[in-house]
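What follows is the residue order along each chain.
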Amino acid sequence: MMNIALIGYGKMGHEIEKIALERGHCITSIIDTKNQRDFNSDNFIHYTDVAIEFTCPKSAFNNYMKCFERNIPVVTGTTGWLQNIWKIKKECLENKKTFFYASNYSIGVNLFFAVNKFFAKLMNTFNQYDVLVEEVHHIKKLDTPSGTAITLAEGIVKNIERKSFSNLPIRSKRIGKFPGIHTVIYESESDIITIRHNAKNRRGFAFGAILAAEYTQKKTGFLSMDDLLKL
Ligand SMILES: NC(=O)c1ccc[n+]([C@@H]2O[C@H](COP(=O)([O-])OP(=O)(O)OC[C@H]3O[C@@H](n4cnc5c(N)ncnc54)[C@H](O)[C@@H]3O)[C@@H](O)[C@H]2O)c1
């Protein structure tokens, strides 16, 4: 059983709360924009085993630093803050902080990432294929392209020599209430090969975030789904 602080009580915060309680954990603090002073509360400082942060690109980095100052491990899924990732890695290395980040916590998506890398490796020698990434999300999503699309693009660029971020298109659509559809499309003159992940709801993301929080116990450093799932 862990004492969990939720930072950000929006769509993901609510979903994470449900699953945390189902798995027997306690939610000891919930911090959103209107109760920022709770970062200094006794509960947050003294009774938090891990903080799970799902807020927005502008707030995320400051929230991480507030947790680090209080020596609280962080599990975060907020996307769109990666320009500061080197500072977080430095904190983890030099000051033994614990930080878990995944652009997508769904186990299905992480299997999809593994297939994407494997497929890109195969495609390295088949120059007749071009490739693009497509992502569709609900209209309230703030960052474009999605963090998941960026991870897919990294998997392709690292494994296909003829591809770089400048010649790999990422098409983003913001429509309806979709929690996330990601598609990788290879096309030659004679055929099209498509691999796709379609999230039906947010439960898979929240479940993965709780697994990650459980994993951070007794761990330090910069952690990812590769450490957790060992794919
Ligand atoms: N990694 C994943 O698996 C995954 C999955 C879904 C969403 N996300 C990302 O998670 C983030 C949150 O998604 P959401 O759908 O819950 O968004 P949301 O807009 O529903 O909720 C965000 C919440 O954070 C709060 N917030 C903003 N600034 C804050 C601050 N400084 N301190 C505390 N709370 C603050 C907002 O008031 C809001 O309640 C987004 O960046 C989204 O892209 C990641």
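Note that the structure is a prediction, hence the values are computed from the model and not measured.

Student: What should I look at first to understand the side chain of Arg-70 in this one?
Tutor: Note that Arg-70 resides in the loop between helix H3 (57-69) and strand E4 (74-76). Of note is the side chain of Arg-70, whose polar atom sits 2.6 Å from the side chain of Asn-40. Non-local contacts of Arg-70, meaning those with residues more than four positions away in its chain, are made with Phe-39, Asn-40, Phe-44 and Ile-45.

Student: Explain the packing of aromatic side chains to me, please; I cannot follow it from the model alone.
Tutor: To describe a pair of aromatic rings, one takes the distance between the centres and the angle between the planes. What the rule picks out here adds up to eleven aromatic pairs. Residues Phe-54 and Tyr-105 carry aromatic rings whose centres are separated by 6.0 Å and whose planes lie at 50° to one another, so their mutual orientation is tilted. Taken together, the positions of Phe-54 in the loop between strand E3 (50-53) and H3 and Tyr-105 in the loop between strand E5 (98-101) and helix H5 (107-123) put the pair 51 residues apart, joining distant regions of the chain. Across the pair, exposure class does not vary: Phe-54 and Tyr-105 are buried alike. Between Trp-81 and Phe-99, the aromatic rings sit 5.7 Å apart at their centres with planes inclined by 75°, giving edge-to-face as the arrangement. Taken together, the positions of Trp-81 in the loop between E4 and helix H4 (85-95) and Phe-99 in strand E5 put the pair 18 residues apart, joining distant regions of the chain. You'll find Trp-81 and Phe-99 in the same group, each marked buried. Above the face of the Phe-222 ring, Lys-89 is positioned so that its terminal group lies 5.0 Å from the ring centre. Directly above the ring of Tyr-215 sits Lys-219, whose terminal nitrogen or CZ lies 4.2 Å from the centroid.

Student: Looking at this structure, I do not really get the sheet that holds strand E7 (residues 170-174). What am I missing?
Tutor: Two strands in a sheet stick together by hydrogen bonds in their backbones, pointing the same way (parallel) or opposite ways (antiparallel). Here four strands make up an open sheet; going across it, the order is E7-E6-E8-E9 and the pairing mixed. The outermost strands of the open sheet, each flanked by one partner alone, are E7 and strand E9 (192-198). Going across the sheet, the axis of each strand differs from the next one's by a mean of 15°, ignoring polarity. In this sheet, E9 lies alongside strand E8 (residues 181-187) in antiparallel orientation, the contact comprising seven bridges. By the bridge assignment, Val-184 is partnered in E9 with Ile-195. In this fold H5 packs onto E8 and E9, with an angle of close to 160° to the strand it touches most, E9. Its contacts with the sheet put helix H6 (residues 147-157) on strand E6 (130-137), E7 and E8, and the angle it makes with E8 is roughly 30°.

Student: Explanation requested: the domain arrangement of the protein chain in the structure shown.
Tutor: When the parts of a complex come together, some accessible area is lost, and that lost area is often taken as the interface size. Domain annotation for the protein chain reports domain 1 (3-105 + 203-229) and domain 2 (107-198). Each of domain 1 and domain 2 was reduced to a C-alpha centroid, and the two centroids are 27 Å apart. Facing the 14 residues of domain 1 at the interface are 13 residues of domain 2. Buried area between domain 1 and domain 2, summed over both chains or domains, comes out near 1000 Å², and the portion from carbon and sulfur atoms is 60%.

Student: What exactly am I supposed to notice about the site of the ligand here?
Tutor: The full set close to the ligand counts 25 residues, and Lys-11, Met-12, Asp-32, Thr-79 and Tyr-105 are the nearest of them. Residue Thr-79 places a side-chain N or O atom 2.8 Å away from an oxygen atom belonging to the ligand. One of the backbone N or O atoms of Ala-102 is found 3.1 Å from a nitrogen atom in the ligand. Burial of the ligand by the protein amounts to 81% of the accessible area it has alone, namely 870 Å². Secondary structure elements with two or more residues in the shell around the ligand: helix H1 (11-22) and H3. Grouping the amino acids of the shell around the ligand by side-chain chemistry returns nine nonpolar, twelve polar and four charged.

Student: I tried to follow the pattern of salt bridges on my own but got confused; where do I start?
Tutor: Any two side chains of opposite charge can pair if their charged atoms end up close together. Enumeration according to the criterion identifies nine salt bridges in this entry. Put simply, Glu-94 and Lys-90 hold a salt bridge, and the shortest N to O gap is 3.8 Å. Taken together, the residues span about one helical turn, with Glu-94 and Lys-90 both in helix H4 at a distance of four residues. Overall, the relative accessible area of 53% leaves Glu-94 in the exposed class. Residue Lys-90 is classed as partly exposed on the basis of its relative accessible area of 43%. The residue Asp-130 makes a salt bridge to Lys-163 at a minimum N-O spacing of 2.7 Å. One end of the pair, Asp-130, is in strand E6; the other, Lys-163, is in the loop between H6 and E7, and 33 residues separate them in sequence. Here Lys-163 falls in the buried class, since its relative accessible area comes to 9%.

Basis of the calculations
- Residues numbered from 1 in each chain as written.
- Predicted model: local features only at pLDDT ≥ 70, side-chain atom pairs only at ≥ 80, totals over all residues.
- Heavy atoms only, no water.
- Helix = DSSP H or I, 4+ residues; strand = E, 2+ residues; numbered from the N terminus.
- Polar contact = N/O pair within 3.5 Å; in protein donor to acceptor, adjacent residues only side chain to side chain.
- Contact = heavy atoms within 4.5 Å.
- Phe/Tyr/Trp six-rings, centres within 6.5 Å; stacked < 30°, edge-to-face > 60°.
- Buried < 20%, exposed > 50% of the residue type's maximum accessible area, 1.4 Å probe, protein only.
- Lys NZ or Arg CZ within 6 Å of the ring centre and 35° of its normal.
- Pairing = 2+ DSSP bridges.
- Axes fitted to C-alpha atoms, helices over the stretch in contact; angles between N-to-C directions.
- Domains from an automatic or database assignment.
- Buried area = accessible area lost by both parts, 1.4 Å probe.
- Near = heavy atom within 4 Å.
- Areas by Shrake-Rupley, 256 points an atom, 1.4 Å probe, with all protein chains shown as cover.
- Nonpolar A, V, L, I, M, F, W, Y, C, P; charged D, E, K, R; others polar.
- Salt bridge = Lys/Arg side-chain N within 4 Å of Asp/Glu carboxyl O.

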